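Here are the chains, one letter per residue:
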Amino acid sequence: MIGKTDPSFFQSLEKSLVAIPGGAFTMGSREGGPDARPREASVSAFKMTACEVTAGEFAAFLNDTPSSITNHPQLVFDNGRWTPRRGEARKPVAYVSYPEAVLYCQWLGGRLPSEEEWEFAARGGIAQARYPWGWGEPAGRACFDAKESKTVGSFEPNAFGLYDMAGNVFEWCGTPGSNTAVARGGSWSERDAQFLCVYHRTEFPIDYRDADVGFRIVISY
């Protein structure tokens, strides 16, 4: 890992990593339409942050590295430093493009998850699960159909110990195409629970920045 940030920041990151076992699984679902046709996939073991990257954590990154970002709705720039706005420090960071998310992950010696890794982790070891917790409806289990995102970890984790794999904010993942990249998990703004299904795929332009897309980090063994 690199950077000049207080070492406690990196120690906190290490503690937040969850070990995800490798394995084979059926990715996708017939319910998901043409973009989510079932196929056999496998992943090697990896580590993933239990929660989405927060606005407070992203501020630490901006304070530690050169960046072209001059404005961020969740942050304030004052006296040469970025700080989270009131109430935003522990909310998932949004308004971050795919390339900016990649840079953050690289700053910490990590990367974005592949789609296979993300879906395997989201399922929490439950074969053919519709949601990270299984099959029950998402009311009370995820932040969706809401006015804004919630503090990370506000709902119960899945069986792997990962929070907010459904709802709160979409999460960048996968290898981008020429102009777009896939995000998974749905967001606080969705009214249709279908967007929260572990197999659902949504594409955004790689330079997309809005309140509904964030990310989390994967560290390879």
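Structural data are supplied above this passage.
The residue numbers shown here count from 1 along each chain, following its written sequence. Predicted model: local features are reported for residues with pLDDT of at least 70 only, side-chain atom pairs are reported and counted for 80 or more only, and whole-chain, interface and lining totals are derived from all residues. The side-chain figures draw on all heavy atoms in the structure; neither hydrogens nor water molecules are used.

Trainee: I'd like a rundown of the overall build of the protein, residues and numbers included.
Mentor: Of the regular secondary structure elements, the protein holds 4 helices and 11 strands. In terms of overall dimensions, the protein has C-alpha extents of about 55 × 40 × 35 Å along its principal axes. Each residue's exposure class comes from its accessible area (1.4 Å probe, protein chains only) as a fraction of the maximum for that residue type: buried when under 20%, exposed when over 50%, partly exposed otherwise. Looking at the protein as a whole, 50% of its 221 residues qualify as buried. Here, two residues are considered to be in contact whenever any of their heavy atoms come within 4.5 Å of each other. Taking the contacts inside the protein whose residues are at least 6 apart along the sequence as the reference set, 67% of them involve residues at least 24 apart. Here the accessible surface of atoms and residues is derived via Shrake-Rupley with a 1.4 Å probe, and residues count as covered only by protein chains that are part of the display. When the accessible surface of the protein is totalled, it reaches about 10,600 Å², and 49% of it is carbon and sulfur. A run of H or I in DSSP counts as a helix once it spans at least four residues, and a run of E counts as a strand once it spans at least two, with each numbered from the N terminus.

Trainee: Any chance you could break down the sheet that holds strand S7 (residues 170–173) for me, citing the residues and the numbers?
Mentor: If you walk across this open sheet you meet the 4 strands as S9-S8-S7-S10, and the pairing is mixed. A single partner strand is all that each edge strand has here, and the edge strands are strand S9 (202–205) and strand S10 (213–214). Axis definition: a line fit to C-alpha positions, over the contact stretch in the case of helices; interaxial angles, taken between N-to-C directions, run 0 to 180 degrees. Strand contacts of helix H4 (residues 115–123): S7 and strand S8 (180–184), with the helix running at about 10 degrees to S8, the strand carrying the most contacts. In this analysis, strands are considered paired if DSSP registers two or more bridges between them.

Trainee: For the pattern of salt bridges, give the residues involved together with the corresponding values.
Mentor: Salt bridges are defined as contacts in which a side-chain nitrogen from Lys or Arg sits within 4 Å of a carboxyl oxygen from Asp or Glu. Inspection of every chain in the model, using the stated rule, returns 10 salt bridges. Between Arg209 and Glu100 there is a salt bridge, with its nearest N and O atoms 2.5 Å apart. In this pair, Arg209 is assigned in the loop between S9 and S10 and Glu100 in helix H3 (residues 98–107), connecting sequence segments 109 residues apart. Arg209 gets classed as partly exposed once you look at its relative accessible area, which sits at 45%. Within the structure, one salt-bridge network assembled from shared partners comprises Glu115, Glu119, Arg123, Arg184 and Arg201.

Trainee: How would you explain the packing of helix H2 (residues 55–64) against H3 if you had to name every residue and give the values?
Mentor: Put simply, H2 and H3 touch, their axes get as near as 11 Å, and they point 80 degrees apart. One element, H2, and the other, H3, form an angle in the roughly perpendicular class. Here Glu57, Phe58, Ala60, Phe61 and Asp64 of H2 lie close against H3, whose contacting residues are Leu103, Tyr104 and Trp107. We call two directions roughly parallel when the angle between them is under 35 degrees, roughly antiparallel when it is over 145, roughly perpendicular when it lies between 65 and 115, and oblique otherwise.

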